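# Secondary and tertiary structure notes
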Amino acid sequence: DVKVTQSSRYLVKRTGEKVFLECVQDMDHENMFWYRQDPGLGLRLIYFSYDVKMKEKGDIPEGYSVSREKKERFSLILESASTNQTSMYLCASSFLSHNEQFFGPGTRLTVL
Amino acid sequence: QKEVEQDPGPLSVPEGAIVSLNCTYSNSAFQYFMWYRQYSRKGPELLMYTYSSGNKEDGRFTAQVDKSSKYISLFIRDSQPSDSATYLCAMSPGRKAAGNKLTFGGGTRVLVKP
């Protein structure tokens, strides 16, 4: 079974704080993705990576950065959290040229 | 207009009924189609994966793709209360060398009442 884990299920941070969301997968997938999910807006791609140290912007990268130092781990960083970044954050992974993505359980982030 | 349209619901059905879900899309380049199930406060789980047009069956689930109409469907037979969830369609134009991105519908919430 594909296993994608995320560091926290629920997180509460204050405006201006630096926030790290961690994602780990155990299936040796090359691709890893970060999405946010909001009511009425659906799933939106923030960043993805297809190799260690490689990253590409998704549809809404503003206010976010990412880090991929190891194949199994992909981190999403909010440099200075803002209230409009309150959302459900989902990590996913897939094999290099495959379409099927496997998701983690999500982190519900609240920024006060 | 969104690239992938999906009725948000909720779609309420009695236990045992057939659940019928669908998505329409505008990008004729889409060739790979997926259905995900998402329970409340959980991550999406891959249910069905199809390529190009045609039908695919897996247990109580049947996925249909009609590329000429740019329309995909998911049918759930003998629905159970445990099928109550949000169902997301997703699609992709094809297999790139790396980093195939998916375009998602907004999801349809389904309630199966005992």
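Remember, predicted model here, so these are calculated numbers, not experimental data.

Calculation rules
- Residues numbered from 1 in each chain as written.
- Chains lettered and ligands numbered in written order.
- Predicted model: local features only at pLDDT ≥ 70, side-chain atom pairs only at ≥ 80, totals over all residues.
- Heavy atoms only, no water.
- Helix = DSSP H or I, 4+ residues; strand = E, 2+ residues; numbered from the N terminus.
- Rg over C-alpha atoms; globule rule 2.2 N^0.38 Å.
- Buried < 20%, exposed > 50% of the residue type's maximum accessible area, 1.4 Å probe, protein only.
- Lys, Arg positive; Asp, Glu negative; His and termini not counted.
- Charge placed at Lys NZ, Arg CZ, Asp CG, Glu CD.
- Contact = heavy atoms within 4.5 Å.
- Buried area = accessible area lost by both parts, 1.4 Å probe.
- Salt bridge = Lys/Arg side-chain N within 4 Å of Asp/Glu carboxyl O.
- Polar contact = N/O pair within 3.5 Å; in protein donor to acceptor, adjacent residues only side chain to side chain.
- Disulfide = S-S within 2.5 Å.
- Pairing = 2+ DSSP bridges.
- Axes fitted to C-alpha atoms, helices over the stretch in contact; angles between N-to-C directions.
- Phe/Tyr/Trp six-rings, centres within 6.5 Å; stacked < 30°, edge-to-face > 60°.

## A closer look at the overall build of chain A
Scanning chain A for helices and strands turns up zero helices and 11 strands. Starting at the N terminus, the α and β elements of chain A follow one another as β-β-β-β-β-β-β-β-β-β-β. Relative to a compact globule of 112 residues, whose C-alpha radius of gyration would be 13 Å, chain A shows 13 Å and is just as compact. On the principal axes, the C-alpha backbone points of chain A span a range of 40 × 25 × 25 Å. Counting across all 112 residues of chain A, residues that qualify as buried make up 48%. Counting 15 positive and 15 negative side-chain charges, chain A places the centres of these two groups 7 Å from one another.

## Details of the interface of chain B and chain A
Facing the 23 residues of chain B at the interface are 24 residues of chain A. The junction of chain B with chain A conceals about 1900 Å² of combined surface from both sides, 54% of it contributed by carbon and sulfur atoms. Scanning the region where chain B abuts chain A turns up zero salt bridges. At the boundary of chain B with chain A, the tally comes to eight residue pairs in polar contact (both at pLDDT 80 or more). When contributions to the side of chain B that touches chain A are tallied by element, the ones reaching two or more residues are strand 4 (32–38), strand 5 (45–51) and strand 9 (85–92) of chain B.

## Looking at the state of the cysteines
Put plainly, two cysteines are in a disulfide when a covalent bond ties their sulfur atoms together. Taken as a whole, this structure holds two disulfides over all chains when the rule is applied. Between the sulfur atoms of Cys 23 of chain A and its disulfide partner Cys 91 of chain A the distance amounts to 1.9 Å. Negative torsions about the S-S bond denote left-handed disulfides, and the value of about -75° found for Cys 23 of chain A with Cys 91 of chain A makes this one left-handed. In this pair, Cys 23 of chain A is assigned in strand 3 (residues 19–25) and Cys 91 of chain A in strand 9 (residues 87–94), connecting sequence segments 68 residues apart. The two residues Cys 23 of chain A and Cys 91 of chain A agree in class, both being buried. Here Cys 23 of chain B connects covalently by a disulfide to Cys 89 of chain B, the sulfurs 2.0 Å from one another. Here Cys 23 of chain B and Cys 89 of chain B share a disulfide; its torsion about the S-S bond, -105°, makes the bridge left-handed.

## Regarding the sheet that holds strand 3 of chain A
One key point about sheets: their strands pair by backbone hydrogen bonds, in either a parallel or an antiparallel sense. Residue and element names in this part refer to chain A. One open sheet accounts for four strands, arranged 1-3-8-7; its pairing is antiparallel. Bordering the open sheet on either side are strand 1 (4–6) and strand 7 (64–70), each of which pairs with just one other strand. Between one strand axis and the next, the sheet turns through 20° on average, direction left out of account. Sheet analysis places strand 3 next to strand 8 (residues 73–78), joined by six bridges and oriented antiparallel. Pairing of Cys 23 across the sheet is with Phe 74, part of strand 8.

## Looking at the packing of aromatic side chains
Here the structure, examined in full by the defined rule, presents 12 aromatic pairs over all chains. Aromatic pair Phe 33 of chain A and Tyr 35 of chain A: ring centres 6.3 Å apart, planes at 25°, arrangement stacked. In this structure, Phe 33 of chain A and Tyr 35 of chain A share a single accessibility class: buried. Among the aromatic residues, those joined into a ring-pair cluster are Phe 33, Tyr 35, Phe 48 and Phe 103 of chain A together with Tyr 36 and Phe 104 of chain B.

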